[in-house]
Amino acid sequence: MTTYRTILRTSACIVGCTLASQTFAGSAHAAGVLAGTLIENTATATYTSGASGGTVTSNKVTVKVDELLNVAVATLTSAPASASSAPAVLSWSVTNSGNGPEAFNLTADPKVSGNAFDGTITSIVIDTNDNGIYDAGVDQVLGAGAATPSIDPDKEVKVFVLVSLPAGATDAATSQVRLTASATTGTGTPGTSFSGKGEGGGDAVVGLTTASANSLAALVASLANVTLVKSASILDQFGTAKPVPGATVTYTLAAKITGSGVAEGVHVTDAIPAGTTYVPGSLKLDGSGLTDGADADAGSAGSAGVDVALGKVSGGSTRTVNFAVTIN
Amino acid sequence: MNAKLLTLAASFAILAAGPAFAAPASPVSLVGGVKLEKTVTENGAQKTVLSEPKVVVPGDRLLFSTDYRNDGAVPVTNFVVTNPLPSAVTLAPEAAASTEVSVDGGKTWGKLADAKVSDGKGGLRAATTADVTHVRWTIAAIAAGGSGTVGYHAIVR
């Protein structure tokens, strides 16, 4: 007996041997073994009985792994996104950190404590082509109350939320929006079980994330303000500045644009004052002459008044229009 | 003496090569079981509760058990129970400290603290509970009519 045992022991080897690496052949995910996986176990035994040896095998025990519901939400836009006449585009990633395929309900809440203004949620969009850029017409817009498509375990989708400015928002004011993702199978305190709703036919169990997660993203209002300052200078035929018939009055209209945004479709207009006559050819923009006729250049002028189209003007610039009239 | 050595060595080699099959009319029976183990707090004290594993999720703790019994008329000796770990679980840390384990599919055995595996870069690293492929117990003798249980805790990956 003793001799056999000794021989068996020396045939074993732990220290000093080169061991082959044993790779884990299974579905390894950070979120855990996939829902529906069968855990099976059978034990075997060898023994000596009298003069012979024998082996015996146990029954097989089987355990099916149920679905764990977990989700993670992360903000992708690192700096506040600009909203002007076009909505701001905020983006997040929604990750299925559970072990079974799951779709998630999305809600975007613009009313966050501390907001200078609350934006208006224009739309929630899935980054269908997963390029990190909002592609209108390509990326799928979610209907009200709709959920993300089903996301596989350990995979994510990128989500865009378009936010418009409300009336009365002021330039450079900031606001935050909260995106919440919740498992469509169910949410609740960890351990809450939804019978039969799991992938693979078992139960679905809420994991430590409560199957719901959220994070904030910021937007900033980028608006432009236009103020118009009008001044006049008089030069009479005697070389002085008396407002007498025959004197020329030169008007200066200074359009000052402030703010971080861009003013669009700006027109500077003015009427010819009663008792005066427009001096033909006197219309100027930033010191350069404009033709009186309505043609390809920015301005037109006549007895009805002057109109200069400035188009898009960025905050931080001033455009000056001049025209002259004579006092009748 | 030599004849007996050869017989035992041959049978050991066959058994180590692949899955064992039940020999006809074996005097020993093996019954496997699995339970879900949870720790609950009752009246401020921690209590361990074993239940049927109806709902099992990653992170859960399972107890795999093997009941053995010698129904024969003679004692059975050198009773070695080998249990392969299902790929979806890892051996629980406290079980690794006290159980005889294999990290190479059952070829060699010892304590986990002494085991090494290839680190994938041509060298060796210390094995962890995640590397354990099998556990086994050696019971010197089971008297005629005797019985017992061995088991191990595992965590669902």
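Predicted model, so just to flag it, every value in this text is computed and none were measured. (Residues numbered from 1 in each chain as written. Chains lettered and ligands numbered in written order. Predicted model: local features only at pLDDT ≥ 70, side-chain atom pairs only at ≥ 80, totals over all residues.)

1. Describing the overall build of chain B
Right, so step 1: For chain B, the helix and strand inventory stands at 2 helices and 10 strands.
Right, so step 2: Considering chain B as a whole, with its 157 residues, one finds that 32% of them fall into the buried category.
Right, so step 3: Restricting the contact set of chain B to residue pairs at least 6 apart, pairs at least 24 apart contribute 73%. (Helix = DSSP H or I, 4+ residues; strand = E, 2+ residues; numbered from the N terminus. Buried ≥ 20, exposed ≤ 12 C-beta atoms within 10 Å, placed from the backbone. Contact = placed C-beta atoms within 7 Å.)

2. As for the overall build of chain A
Right, so step 1: The helix and strand tally for chain A stands at 1 helix and 25 strands.
Right, so step 2: The principal-axis extent of the C-alpha atoms belonging to chain A is close to 140 × 45 × 35 Å.
Right, so step 3: Counting across all 328 residues of chain A, residues that qualify as buried make up 34%.
Right, so step 4: Long-range contacts, defined here as pairs at least 24 residues apart, represent 71% of the contacts in chain A between residues at least 6 apart.

3. Concerning the pairing of strand β13 (residues 174-183) of chain A
Residues and elements named next belong to chain A.
Right, so step 1: For β13, a buried count of 7 out of 10 residues is recorded, marking the element as mostly surrounded by other parts of the structure.
Right, so step 2: With 6 bridges connecting them, strand β9 (residues 104-109) and β13 associate as antiparallel partners. Bridging across to β13, F104 finds its partner in A183.
Right, so step 3: In this structure, β13 lies alongside strand β16 (residues 212-221), joined through 9 bridges in antiparallel fashion. Within the sheet, the bridge partner assigned to R178 lies in β16 and is L216. (Pairing = 2+ DSSP bridges.)

4. Digging into the sheet that holds strand β19 (residues 262-270) of chain A
All names here are of chain A.
Right, so step 1: Reading across from one edge, β19-β24-β23 is the order of the 3 strands in this open sheet, with antiparallel pairing throughout. Strands with a single pairing partner mark the edges of an open sheet, and in this sheet they are β19 and β23 (299-302). Along the sheet, successive strands turn relative to each other by an average axial angle of 15°, direction set aside.
Right, so step 2: Of the pairings in the sheet, the one linking β23 to strand β24 (residues 305-314) comprises 4 bridges and is antiparallel in character. Looking at β24, one finds that A301 is bridged to V306. (Axes fitted to C-alpha atoms, helices over the stretch in contact; angles between N-to-C directions.)

5. Focus: the sheet that holds β9(A)
Working definition: the strands of a sheet are paired by backbone hydrogen bonds and lie parallel or antiparallel to each other.
All names here are of chain A.
Right, so step 1: Judged by pairing direction, the sheet is mixed, and its 4 strands sit side by side in the order β7-β16-β13-β9 without closing on themselves. Looking at which strands have only one partner, the edges of the open sheet turn out to be β7 (81-83) and β9. Taking the axes of each pair of neighbouring strands and ignoring which way they run, one obtains an average angle of 30° across the sheet.

6. Focus on the confidence of the model for chain B
Residue and element names in this part refer to chain B.
Right, so step 1: The share of residues in chain B with pLDDT of 70 or more is 84%, and the mean pLDDT across the chain is 85.
Right, so step 2: No element of chain B has a lower mean pLDDT than helix α1 (residues 2-17), at 48, and none a higher one than strand β3 (residues 61-70), at 95.
Right, so step 3: For the stretch residues 5-18, pLDDT sits under 50, and the model shows 9 contacts to residues farther than four places along the chain or on other chains.
Right, so step 4: At the level of chain-chain contacts, confidence expressed as ipTM amounts to 0.77, with global pTM at 0.73. (pLDDT = per-residue confidence, 0-100.)

7. Quick word on the environment of T90(B)
Right, so step 1: Mapping T90(B) onto the fold places it in strand β5 (residues 89-91).
Right, so step 2: Here T90(B) is in contact with T129(B), A130(B), A154(B), I155(B) and R157(B), once residues within four sequence places are set aside.

8. So, unusual backbone geometry
All names here are of chain A.
Right, so step 1: Positive phi, normally seen in glycine, also occurs at D154, with a value near 70°.
Right, so step 2: Among the structural elements, D154 can be located in the loop between β11 (140-142) and β12 (156-164).
Right, so step 3: For D154, a count of 15 C-beta atoms within 10 Å corresponds to the partly exposed category.

9. A short note on the environment of D104(B)
All names here are of chain B.
Right, so step 1: By the element assignment, D104 lies in the loop between β6 (100-102) and β7 (116-118).
Right, so step 2: When the 22 C-beta atoms within 10 Å are taken as the criterion, D104 is described as buried.
Right, so step 3: Once the C-alpha coordinates of D104 and D131 are considered, the two residues, 27 residues apart in sequence, prove to be 8.4 Å apart.

10. Here we look at the nonpolar core
Right, so step 1: Ranked by size, the top nonpolar core spans 86 residues in total, and within it L90(A), V159(A), V161(A), L179(A), L91(B) and V101(B) carry the most contacts.
Right, so step 2: Counting residues per element, this core draws most heavily on β12(A), which supplies 6 residues.
Right, so step 3: There are two domains that each give this core at least three residues, and those are domain 1 (68-221) and domain 2 (224-327) of chain A.
Right, so step 4: Ignoring sequence-local partners within four residues, the contact set of L179(A) consists of V73(A), W92(A), L106(A), A108(A), V159(A), V161(A), N214(A) and S215(A). (Core = buried A, V, L, I, M, F, W, Y, C linked by C-beta atoms within 7 Å. Domains from an automatic or database assignment.)

11. A closer look at the domain arrangement of chain A
Where interface size is given, it is often the accessible area lost as the parts come together that is meant.
Residues and elements named next belong to chain A.
Right, so step 1: By the assigned domains, chain A splits into domain 1 (68-221) and domain 2 (224-327).
Right, so step 2: Computed from C-alpha coordinates alone, the two centres of domain 1 and domain 2 are separated by 51 Å.
Right, so step 3: Facing the 4 residues of domain 1 at the interface are 6 residues of domain 2.
Right, so step 4: The class makeup of the residues in the side of domain 1 that touches domain 2 is 1 nonpolar, 2 polar and 1 charged. (Nonpolar A, V, L, I, M, F, W, Y, C, P; charged D, E, K, R; others polar.)

12. With respect to the pairing of strand β2 (residues 45-51) of chain B
Successive side chains on a regular strand alternate, one facing one side of the sheet and the next facing the other.
Residues and elements named next belong to chain B.
Right, so step 1: Of all 7 residues that make up β2, 0 are buried, and the element is exposed over most of its length.
Right, so step 2: Judged from the 7 bridges that link them, strand β1 (residues 28-42) and β2 form a sheet pairing that is antiparallel. From the neighbouring strand, L36 faces β2, where its bridge partner is S51.
Right, so step 3: Linking β1 back to β2 in an antiparallel pair, the connection comprises 2 residues, with N43 at a positive phi of about 55°.

13. Considering the environment of A43(A)
Right, so step 1: Mapped onto the secondary structure, A43(A) falls in the loop between β1 (38-41) and β2 (44-49).
Right, so step 2: Residue A43(A) is classed as buried on the basis of its 28 C-beta neighbours within 10 Å.
Right, so step 3: Linking A43(A) and V56(A), residues 13 residues apart in sequence, is a C-alpha distance of 8.6 Å.
Right, so step 4: With residues up to four places along the chain from it excluded, the contact list for A43(A) reads S58(A), L30(B), G32(B), T66(B), V81(B), T82(B) and N83(B).

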